[in-house]
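Structural overview for review
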Amino acid sequence: MRNAVKVQQTARFSPWIAITDLVDGAARVPLWVAFASDEIQQRYRRSKLGLTWIVFSYLIFVGTISLFFGSFSDLNHQKFTLYVAVNFAIFMFLLANLTDGCAVFRTAASWIKSAPLPHSIHLFKSVSRSVFIFAINFAIAIALLFLYGHKLTWVALEAIPAFALILFNSIFIQMILGYISARYPDIEHLMMSITRVLFFTTPVLWVRDEHSAPGLRNTVAEFNPLTHALEIFSSPILGQHGDPRSWVIMLWLSLAVFVIGIFVAGACHRRLPYWL
Amino acid sequence: MNDQSPLQIEPFGEHRQLLSQETFLLAESLGVSFPVRGNIREQRLSESDDRLIWNKHGKLRAVQALRNISLDLKTGDRLAIVGRNGSGKTTLLQVLGGILSPSAGRLTYRGRVTSLININLGIQPEASGHRNITLRGLASGYSRKEIEQKRGEIAEFSELGEFLSMPMMSYSAGMRMRLTFAIATAFTPEILVLDEWLSAGDTAFKKKATNRMQEFVGKAGILILASHSRQLILDNCEQAIWLDGGEIRERGPVEEVLKAYESDSAPSPKTPEAHPFSTVKA
């Protein structure tokens, strides 16, 4: 077998590099799956309960919220618990993308500096690790739904394209944050403080319809993209069509994130090893 | 970034013949400049040093680590890189290994490149030796099946035995080196880029490594080795380049270059060892 000739040449900006990097990285499934499973195992290595901690920490949170905040909402207690259970699972996934995204290249510095791999394998690794944790949490949420006698309707299938769209966004969001915070580490600190606030400004623990009166809370929620991501995913599972407005916003957002991602990666790809 | 490449590179011109080779590596006027961030002004840094790039406000912007490096290597070539600390050896290896993208010039190659530049990088310290064999194999683009086929050979060469099931962070530097070297060479790389860490091995390992490298170069590969060990270089290489201040000072057969290099760097008590920018990564 004859190898192809490869050329490395200086280019200040090349969106093409970003695309080939993504395609090459996506093809190497066994590698990023291995990386992801290693990282998950590492996080729980030497703990007695191991991966079951994912289940426990999720249940502890949902249980506590349902107990303490159940009366804040007009929904009956059962409905509120399910609302929080579904929302929290997907919200943690969204949040993980924001925080992991900032560190995605920093934590992979050892590999970036030692092997000529596509940068995108670190993105896929990071996203797939979050998907794994989300899958566990979401499975519990579904179990809770059945436990409380809630029936999934056909509308719930809408959540599948919604999740696909969220997944697409995750990759590019992590890409943008990863490159930018490799250059400006401050972004990571900024993101840490933002995610704390996002917990309260996103309707995870409160129901948006109950606060639809124009006001600060509503405006903030409206401008918060996570609100719309939650809406298109959670609503169908809880038996309602996702708000078309949120779909439109999410679709535009995906396009924007894609364009910005390719632009950022095109400009930063060559310099990444110099920054780490 | 400082892309100072005044020369236009022709589409290969005289190197057309090289391109037909099974394995080749062609570097044309490579340059690397490391950006320097922060507010470094002329604090005792010599302004006359042309490797430091200042902006018009007198702030340090970049360090030119390599300048105008041209090489052409074909199947079977074994190149040594010698030079003092901070002369750009490791940077050049990183560029040739495809890890750093040059800030100027062009690198063209055919063949699978394996680089062993820093043995502490590219391993998962908490994972076992076996797991690291898998990861590095996957990272080099091999299937799990191919990795399993090579596992026995790697275990044997590294002489680690039972230790392969232990986390790599419990390994000594020598054990770590044996394993990484065994992994890197097990998959018959076509272009092998090695930094001087190999010289840290004991005599028995060095001998074994030398045999292994010769075997591999015999199988139509290219070896690029940077080292301070005279013996290692003489055993493994036939050509050499001498890097000085980021530029090629001399090139030619390995004995001649070594001789010139050694006579130049013979200890003279007057010259201070520290480079002006030894604190900046070069």
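Being a predicted model, the structure only gives us computed values, none of them experimental.

Turning next to the interface of chain A and chain B. The extent of an interface is frequently quoted as the accessible surface area lost upon association of the parts. The partner chain B presents 46 residues to the 34 residues of chain A that form the contact. Summed over both partners, the interface of chain A with chain B comes to about 3,600 Å²; 49% of that surface belongs to carbon and sulfur atoms. Put simply, chain A and chain B have 1 salt bridge between them. Here chain A is connected to chain B by 9 residue pairs in polar contact (both at pLDDT 80 or more). Looking at the side of chain A that touches chain B, the elements with two or more residues in it are strand 1 (5-9), helix 2 (29-44), helix 5 (109-112) and helix 12 (272-275) of chain A. A total of 7 residues in the side of chain A that touches chain B trace back to one element, the largest contributor, which is helix 2 of chain A. Here the side of chain A that touches chain B is composed, by residue class, of 16 nonpolar, 8 polar and 10 charged.

Time to look at the side chain of A:Asp100. Along the chain, A:Asp100 falls in helix 4 (residues 77-103). Discounting chain neighbours no more than four positions away, the residues touching A:Asp100 are A:Ser126, A:Arg129, A:Ser130 and A:Gln174.

The subject of this paragraph is the confidence of the model for chain B. Residue and element names in this part refer to chain B. In this model, chain B carries an average pLDDT of 78, and 82% of its residues clear a pLDDT of 70 or more. Here residues 1-9 scores under 50 on pLDDT; set against residues more than four positions off or in separate chains, the count is 24 contacts. Ignoring residues within four places in sequence, the model shows residues 269-274, a span with pLDDT below 50, making 1 contact including any to other chains. Interface confidence for the predicted complex, given as ipTM, is 0.77, next to a pTM of 0.84.

Formed by 75 residues in total, the largest nonpolar core has its most connected members in A:Met175, A:Tyr179, B:Ile154, B:Leu179, B:Phe181 and B:Leu194. Per-element accounting of this core gives the leading share, 8 residues, to helix 4 (residues 173-186) of chain B. Setting aside its immediate chain neighbours within four residues, A:Met175 contacts A:Leu22, A:Phe105, A:Leu123, A:Gly261, A:Ile262 and A:Ala265.

The full count for this structure, using the stated rule, is 15 salt bridges over all chains. Measuring nitrogen to oxygen at the nearest pair gives 2.8 Å for the salt bridge that ties A:Glu39 to A:Lys125. Of this pair, A:Glu39 sits in helix 2 while A:Lys125 sits in helix 6 (residues 120-147), and the two are 86 residues apart along the sequence. For B:Lys208, the salt bridge identified is with B:Glu159, shortest N-O distance 2.5 Å. In this pair, B:Lys208 is assigned in helix 5 (residues 203-218) and B:Glu159 in the loop between helix 3 (144-158) and helix 4, connecting sequence segments 49 residues apart. Each of A:Glu39, A:Asp100, A:Lys125 and A:Arg129 takes part in one network of salt bridges that share partners.

So, how was this worked out
- Residues numbered from 1 in each chain as written.
- Chains lettered and ligands numbered in written order.
- Predicted model: local features only at pLDDT ≥ 70, side-chain atom pairs only at ≥ 80, totals over all residues.
- Heavy atoms only, no water.
- Contact = heavy atoms within 4.5 Å.
- Buried area = accessible area lost by both parts, 1.4 Å probe.
- Salt bridge = Lys/Arg side-chain N within 4 Å of Asp/Glu carboxyl O.
- Polar contact = N/O pair within 3.5 Å; in protein donor to acceptor, adjacent residues only side chain to side chain.
- Helix = DSSP H or I, 4+ residues; strand = E, 2+ residues; numbered from the N terminus.
- Nonpolar A, V, L, I, M, F, W, Y, C, P; charged D, E, K, R; others polar.
- pLDDT = per-residue confidence, 0-100.
- Core = buried A, V, L, I, M, F, W, Y, C linked by side-chain atoms within 4.5 Å.
- Buried < 20%, exposed > 50% of the residue type's maximum accessible area, 1.4 Å probe, protein only.

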